[in-house]
Amino acid sequence: MTRTLIHGGLVITASDEVHADVLIEDGRIAALAAPGVLTADRTIDATGKYVIPGGVDAHTHMELPFGGTFASDTFETGTRAAAWGGTTTIIDFAVQSVGHGLREGLDAWHAKAEGNCAIDYGFHMIVSDVNEDTLKEMDLLVEEGVTSFKQFMAYPGVFYSDDGQILRAMQRSADNGGLIMMHAENGIAIDVLVEQALARGETDPRYHGEVRKALLEAEATHRAIRLAQVAGAPLYVVHVSAMEAVAELARARDEGLPVFGETCPQYLFLSTDNLAEPDFEGAKYVCSTPLRPREHQAKLWQGLRTNDLQVVSTDHCPFCFTGQKDLGRGDFSKIPNGLPGVENRMDLLHQAVVDGHISRRRWIEIACATPARMFGLYPKKGTIAPGADADVVIYDPHAEQVLSAETHHMNVDYSAYEGRRVTGRVETVLSRGVPVVTEREYTGHAGHGVFTPRSTCQYLN
Ligand SMILES: NC(=O)NCCC(=O)O
Ligand SMILES: [Zn+2]
Ligand SMILES: [Zn+2]
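Not measured: the values here are computed from a predicted model.

(A) How the structure looks around the overall build of the chain. A tally of regular secondary structure across the chain gives 13 helices and 21 strands. For the C-alpha atoms alone, the extent of the chain along its principal axes is close to 70 × 50 × 40 Å. Burial statistics for the chain: of 461 residues in total, 62% are counted as buried. Counting contacts in the chain only where the partners sit at least 6 residues apart, residues at least 24 apart contribute 76% of the total. For the chain, the exposed surface amounts to about 16100 Å²; the carbon and sulfur share of it is 48%.

(B) Inspection of the packing of helix α4 (residues 163-176) against helix α7 (residues 214-231) at higher detail. Two elements in contact, α4 and α7, have axes separated by 9 Å at closest approach and are oriented at 45°. As judged from the angle between their axes, α4 and α7 are oblique. Pair α4 / α7 crosses with right-handed handedness. Contact residues: α4 offers Asp163, Ile166, Leu167, Met170, Gln171 and Ala174, while α7 offers Arg223, Ala224, Leu227, Ala228, Val230 and Ala231. For the contact of α4 with α7, a count of residues per class yields nine nonpolar, one polar and two charged.

(C) Inspection of the coordination of the zinc ion (ligand 2) at higher detail. Every protein donor of the zinc ion (ligand 2) is listed here as Lys150 (NZ), His183 (ND1) and His239 (NE2), and their distances to the metal cover 2.1 to 2.2 Å. Taken in sequence order, the residues that donate to the zinc ion (ligand 2) follow the motif K-x32-H-x55-H. Between the zinc ion (ligand 2) and the zinc ion (ligand 3), a spacing of 4.1 Å is present. A residue pair is termed long-range when its members are at least 10 positions apart, and Lys150 in strand β13 (residues 148-152) and His239 in the loop between β15 (235-237) and α8 (243-254) qualify at 89 residues.

(D) How the structure looks around the packing of aromatic side chains. By the definition in use, this model includes 15 aromatic pairs. For the pair Phe123 and Phe451, a centre-to-centre distance of 6.0 Å together with 25° between the ring planes defines the contact as stacked. Of the two residues, Phe123 sits in strand β12 (residues 120-126) while Phe451 sits in the segment after β21 (441-442), which places them 328 residues apart along the sequence. The class for Phe123 is buried, based on a relative accessible area of 0%. A ring pair is formed by Tyr236 and Phe375, whose centres lie 4.9 Å apart and whose planes are at 75°; its orientation type is edge-to-face. Of this pair, Tyr236 sits in strand β15 while Phe375 is found in the loop between α13 (360-374) and β18 (392-402), placing the two residues 139 residues apart along the sequence.

(E) Examining the UniProt feature "domain: Amidohydrolase-related" (unreviewed entry) in the chain more closely. Mapped onto this numbering, the UniProt entry gives "domain: Amidohydrolase-related" (unreviewed entry) at residues 50-434. Between the C-alpha atoms that bound residues 50-434 there is a distance of 18 Å. The span itself is 37% helix and 19% strand.

(F) Seen up close, the coordination of the zinc ion (ligand 3). Around the zinc ion (ligand 3), the donor atoms from the protein are His59 (NE2), His61 (NE2) and Asp315 (OD), and they sit 1.9 to 2.1 Å away. For the zinc ion (ligand 3), the four donor atoms in the first shell make angles of 87 to 134° at the metal, a pattern classed as tetrahedral. Each donor residue of the zinc ion (ligand 3) lies on the same chain, and together they follow the pattern H-x1-H-x253-D. A relative accessible area of 7% means that Asp315 is categorised as buried.

(G) Representation of the site of ligand 1 in the model. The full set close to ligand 1 counts 13 residues, and Lys150, His183, Ser288, Asp315 and Asn337 are the nearest of them. Contact between ligand 1 and Asp315: a nitrogen atom at 2.6 Å from a side-chain N or O atom of the residue. For ligand 1, a nitrogen atom lies 3.0 Å from a polar atom in the backbone of Asn337. Notes on ligand 1: free accessible area 260 Å², of which the protein chains cover 100%. Grouping the constituent residues of the shell around ligand 1 by class yields four nonpolar, seven polar and two charged.

(H) Region of interest: the pairing of β12. The buried count for β12 comes to seven of seven residues, which makes it a mostly enclosed element. Burial along β12 is two-sided: the residues Asp120, Gly122, His124 and Ile126 and Tyr121, Phe123 and Met125 are all buried. Examined bridge by bridge, strand β11 (residues 87-95) and β12 share seven bridges and lie parallel to one another. In the sheet register, Ile90 faces β12, and the bridge partner there is Tyr121. Since β11 and β12 lie parallel, the crossover through helix α2 (residues 102-113) that links them has a hand, and here it is right-handed. Relative to β13, β12 is paired through two bridges, and the arrangement is parallel.

(I) Region of interest: the sheet that holds strand β6 (residues 42-45). Taken together, the four strands give an open sheet; going across it, the order is β5-β4-β1-β6, and neighbouring strands pair in mixed fashion. At either margin of the open sheet sits one strand with a lone partner, and together these are β5 (28-33) and β6. Within this sheet the neighbouring strands show an average axis-to-axis angle of 20°, counted without direction. In the sheet, strand β4 (residues 21-25) pairs with β5 via five bridges, with the strands oriented antiparallel.

(J) Representation of the confidence of the model for the chain in the model. For the chain, per-residue confidence averages 98 on the pLDDT scale, and 100% of positions sit at 70 or higher. The complex model carries a pTM of 0.98, and its ipTM stands at 0.99.

(K) Summary view of the pairing of strand β1 (residues 3-7). Both β1 and β4 contribute to a ladder of four bridges, which runs antiparallel. Across the sheet, Leu5 pairs through a bridge with Leu23, a residue of β4. Of the strand pairs in this sheet, β1 and β6 are connected by four bridges, and their pairing is parallel. By the bridge assignment for β6, Leu5 is matched with Thr43.

(L) Structural detail: the nonpolar core. Counting 134 residues, the largest nonpolar core has Met170, Leu235 and Trp363 as the members making the most contacts within it. Per-element accounting of this core gives the leading share, eight residues, to α7. Discounting residues that sit within four places of it in the chain, Trp363 has contacts with Tyr50, Ile52, Met346, Leu349, His350, Val353, Ile358 and Tyr395. Grouped together as the second largest cluster of nonpolar side chains are 15 residues, Val11, Ala20, Ile44 and Val392 included.

Procedures and definitions
- Residues numbered from 1 in each chain as written.
- Chains lettered and ligands numbered in written order.
- Predicted model: local features only at pLDDT ≥ 70, side-chain atom pairs only at ≥ 80, totals over all residues.
- Heavy atoms only, no water.
- Helix = DSSP H or I, 4+ residues; strand = E, 2+ residues; numbered from the N terminus.
- Buried < 20%, exposed > 50% of the residue type's maximum accessible area, 1.4 Å probe, protein only.
- Contact = heavy atoms within 4.5 Å.
- Areas by Shrake-Rupley, 256 points an atom, 1.4 Å probe, with all protein chains shown as cover.
- Axes fitted to C-alpha atoms, helices over the stretch in contact; angles between N-to-C directions.
- Parallel < 35°, antiparallel > 145°, perpendicular 65-115°, else oblique.
- Left-handed = near helix turned anticlockwise from the far one by under 90°.
- Nonpolar A, V, L, I, M, F, W, Y, C, P; charged D, E, K, R; others polar.
- Donors = N, O, S within 2.8 Å, 3.2 Å for Na, K, Ca; no water.
- Phe/Tyr/Trp six-rings, centres within 6.5 Å; stacked < 30°, edge-to-face > 60°.
- UniProt positions renumbered as here; feature names shortened; annotations may be inferred.
- Tetrahedral: all angles 85-135°; square planar, octahedral: opposite > 155°, others 65-115°.
- Near = heavy atom within 4 Å.
- Polar contact = N/O pair within 3.5 Å; in protein donor to acceptor, adjacent residues only side chain to side chain.
- Pairing = 2+ DSSP bridges.
- Right-handed = clockwise from strand over helix to strand, strands pointing away.
- pLDDT = per-residue confidence, 0-100.
- Core = buried A, V, L, I, M, F, W, Y, C linked by side-chain atoms within 4.5 Å.

In structure tokens form, the structure reads like this:
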């Protein structure tokens, strides 16, 4: 059995910062000790670097079918890019199509991922068709480690569930321990505004942001919270972008309700200014919920500091500018929704540390530990502690880099952060003790990553 020692770094977890050596044996963390005490067969020098848990990105969409095309990262390319960016676990979304079962959808996603992933992965299940069979299948999925279910108040005719369907799924999750994840936007009202905008000739990407109003995100967030309260179920609201939605979450949490919120780097770093870029460039920034005016960013950072928002995931859902985002030239509603970002999250959040928005430990908490706890992976994932999987990143906090499509590894022809300078860079990444990135060289392989069943939410107590 090979023993690997990571020597001389500053180990940062959600709760501690300590200069320690980290011993890895058999794919797990075996011990932490004062520098110089332990020996091993192989030593990785982390002097002057951070030693952090691998990132847990709880919201990705590899190969998602959407708007007549597919998200451009496969499980192979997307998980490789994730590893490059210091993420060692993703939780992707399997999709139930209307008229089909959860099992069928989950099997299809297993087939896409199995043998192709560079890092470990789990699945949430998108529930698009709530009926008696679906509700029974939810119980079975929880038992096999797919313990969270996404519902959509948006996208009528595609993923949309009405309030009755949502309430039924929430009631079921209150019984079986599953966690409902909500895409909270009033899709019925948005569709009216889309139709009216197009009738006025408002076809540019920026109108995507105008019709998907903050108030309609806040209204849906409020409704989801109250439905969950009636059902006696916890709730996790995905990709929160509007400050009015943060306020709804904060109010509910002040009332003591078990409601949680996730935001994404695009809402923290980008804005409607990007959506308004000329020559259809704004299409690169079309996602839902949409980017908001800049003043929302401060409220999102505040929510992350006060723990009214608990998690930052990417909602990685890339579509190439040429050939995919193009589908919406002349009609913004046909632009496939989603942004690339799985490779950028850890770096952008480190930049937030440098900029003073969050502390180093909060960086690890929102990007590693809490997503692991929220979705039943802790302490296997999300921390550096004896017994945990040796998913470890050696992070150089002083390296400077410029984010660009020229240098990124995601399978998409643009970067949402093109030209942005960030301080900090991933140097080496271990997944269960195996080096997948070694001093900025890719050393991983497709098939190393395995499906990781999850327990139910561990963030409730
Ligand atoms: N977010 C987005 O625009 N695309 C991915 C699907 C979803 O999360 O709603
Ligand atoms: Zn969504
Ligand atoms: Zn998503």
